[in-house]
Amino acid sequence: MSYLSLSNTSFIAIAISFAVICITIFCLRVATQIKAKQALKDELAQHDNFAMGISFASEISVVIATIAFLFDEISVSTAQSNPLKVLIIIILLFTFIKVGHLIHRKWILHRFNEEAAILKQNVCAALVDSGMLIANCIIALGLYTWTHTQGFSNLLIAFVSFFTLQGMFALDSKIREHRFAKANQGASLQSNFNLENTSIGIRYAGKSIGLALAVYAGLSSAAFQNGKMVENIFTLVMHCGVMWILLYSLTYVIKAISLPNIDTALEIDHQDNIGVACIEFAVFCAIGYLLISMFSL
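The following paragraphs examine the structure supplied in this document. (Residues numbered from 1 in each chain as written. Predicted model: local features only at pLDDT ≥ 70, side-chain atom pairs only at ≥ 80, totals over all residues. Heavy atoms only, no water.)

1. With respect to unusual backbone geometry
For the record, the criterion: Working definition: helices are DSSP H or I runs of at least four residues, strands are E runs of at least two. Numbering for both runs from the N terminus.
Positive phi is not limited to glycine here, since Asn-261 has a value of about 60°. With respect to the secondary-structure elements, Asn-261 resides in the loop between helix H11 (229-258) and helix H12 (264-269). Backbone geometry places Asp-272, a non-glycine residue, at a positive phi of 50°. Mapping Asp-272 onto the fold places it in the loop between H12 and helix H13 (274-295).

2. Brief notes about the side chain of Asp-172
To be explicit about the condition: In protein, a polar contact requires one atom able to donate a hydrogen and another able to accept it; more generally it is a pair of N or O atoms within 3.5 Å, and residues adjacent in sequence count only if both atoms are side-chain atoms. Contact definition: two residues touch when any of their heavy atoms are within 4.5 Å.
For Asp-172, the location among the structural elements is in helix H8 (residues 155-183). At 3.0 Å, the side chain of Asp-172 forms a polar contact with the side chain of Trp-244. If we ignore the near neighbours within four places in the chain, the residues touching Asp-172 are Leu-211, Trp-244 and Tyr-248.

3. Here we look at the environment of Leu-259
Threshold: Each residue's exposure class comes from its accessible area (1.4 Å probe, protein chains only) as a fraction of the maximum for that residue type: buried when under 20%, exposed when over 50%, partly exposed otherwise.
Examined against the element boundaries, Leu-259 turns out to sit in the loop between H11 and H12. Residue Leu-259 is classed as buried on the basis of its relative accessible area, which comes to 8%. Between the C-alpha atoms of Leu-259 and Val-276, which are 17 residues apart in sequence, the distance is 8.3 Å. Not counting residues up to four positions away in its chain, the partners in contact with Leu-259 are Thr-264, Val-276 and Ile-279.

4. Quick word on helix H7 (residues 123-147)
The α-helix winds at 3.6 residues per turn, so residues separated by three or four positions along the chain end up facing the same way. Definition in use: How far a helix is expected to stretch is found by multiplying one less than its residue total by 1.5 Å.
With 25 residues, H7 should cover 36 Å at 1.5 Å per step; its first-to-last C-alpha distance of 36 Å lies within 8% of that length. Judged by how many residues are buried, H7 sits mostly within the fold: 22 of 25 residues are covered.

This is how it looks when you write it as structure tokens:
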């Protein structure tokens, strides 16, 4: 017979983690209400703003997932002996996530105002925005896993690596926009987000999360070299680049097998086929996770 055994220190750690989660979510709620210029309850319950609900749900998920990840990575003894270090790590992780999110909004999709579209109940915008937020969370956690064993001495390498990965996401997004324009007589993908085509948002979110998972796999398989900027960036680009290629290669094969003789571009871009978009979302996320399972050290 087995018994549940939890020490007092475990209860303390759980209580502190949950307190941090509650405080952060409260701050998010206040920030969301300020952006909406009214109570979140009115926006969600009275106006039935599904887009706002999706966006807020993704923010809550990112907060809880980040704290849960740290709770698993940082031992209770370390947290007790050096609580300031844990606080700094939490702040840095959320800073990376927020900066990456802003880069996506202000630079990668600079022709599309996601915040305004979400307030107008554009579900497609909420899916695009939420997918990239979750993707940045995965990237930040991957960088932490890659560099944290060396402490804060390699923080500069982490910053440069982070912006290098943002460049990879920007390039991936430009390729997606080029392929969309080629398949749709020169139409702009960012302009089409305003048309509230939900399936386009689902597909974009799936590719963003799938790429982030592939990047996490690349970081997990790459050896970190203490204090060596050039070597680490080269290693990061090589490993994550290979995972990027593998992601699209494997998903192409899976889609060819699971969706034979189906023009996915036509179904998603013109007919708003949510079913096909969900299949693409699932395939990209699953292949990304498969890469983590196969290549993580």
